[in-house]
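# Residue-level structure breakdown
Next come the chains, spelled out residue by residue.
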Amino acid sequence: MRKPAAASVRLSSVPRCLRHFHPNTALEEAECLAAFLQNVVGSLLIEGDGLPVKDGSDMGLSLCFDLLRDKIAIASGELPFPTCGLPHEEDLPPLWTPPEAGGAHE
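Residues numbered from 1 in each chain as written. Predicted model: local features only at pLDDT ≥ 70, side-chain atom pairs only at ≥ 80, totals over all residues. Heavy atoms only, no water.

## Considerations on the overall build of the protein chain
When helices and strands are counted, the protein chain shows 2 helices and 2 strands. The helix and strand sequence of the protein chain, counted from the amino end, reads β-α-α-β. Looking at the protein chain as a whole, 24% of its 106 residues qualify as buried. In the protein chain, 72% of the contacts between residues at least 6 apart in sequence involve partners at least 24 apart. Surface summary for the protein chain: the accessible area is close to 7,600 Å², and the carbon and sulfur share equals 61%. (Helix = DSSP H or I, 4+ residues; strand = E, 2+ residues; numbered from the N terminus. Buried < 20%, exposed > 50% of the residue type's maximum accessible area, 1.4 Å probe, protein only. Contact = heavy atoms within 4.5 Å. Areas by Shrake-Rupley, 256 points an atom, 1.4 Å probe, with all protein chains shown as cover.)

## Considering the nonpolar core
In this structure, Val 9, Leu 11, Val 14, Leu 18, Ala 26, Ile 74 and Cys 84 together form the largest nonpolar core, which totals 7 residues. Ignoring any residue separated from it by four or fewer positions in sequence, one finds Leu 18 in contact with Leu 67, Lys 71, Ile 74 and Phe 81. (Core = buried A, V, L, I, M, F, W, Y, C linked by side-chain atoms within 4.5 Å.)

## Quick look at the pattern of salt bridges
Taken as a whole and judged by the stated rule, the model has 2 salt bridges. When the shortest N-O distance is used, the salt bridge between Lys 71 and Glu 29 registers 2.3 Å. In this pair, Lys 71 sits in helix H2 (residues 57-76) while Glu 29 sits in helix H1 (residues 25-46), placing the two residues 42 residues apart along the sequence. (Salt bridge = Lys/Arg side-chain N within 4 Å of Asp/Glu carboxyl O.)

## Observations concerning H2
With 20 residues, H2 should reach 28 Å at 1.5 Å per residue; the first-to-last C-alpha distance of 28 Å fits that figure. Listed in full, the buried residues belonging to H2 are Leu 61, Leu 68, Lys 71, Ala 73 and Ile 74. Contacts from the buried residues of H2 go to H1. A positive backbone phi angle near 90° is found at Gly 77, which sits one or two residues after H2. (Expected span 1.5 Å × (residues − 1).)

This is the structure in C-alpha cells:
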C-alpha cells in the first residue's frame, strides 16, 4: 500500500527543478519557462538558423516543454507534489531516499 504524500518534504530530497515552496510557485515558474522558451525559440526562428540539432538543443527544448507541462500539472493539482521545506528544516520527511543511502523510493 502506498503511503500518503506529505504536505512538505525535506528540501534536499527534491530535484531543484521541482522545488516548490508555495502551492502557486509551480505555476509562476511554468509562466517564466513559457516566456523564456517563446523568446529563445522565436529569436532562433526569426534569425533563420533554426535549432542546432548536433548540440542537443532539440532534445533540450523537448525536455523544457516536459518540465513546463509537469509544473502546470502540479500547479493545477493534476499531479500531487508536496511543497519543500526550507533548507534548515531537516526534520521534514524526505520525498525519497537515494539508493546510495540504502533505501528505496518512499
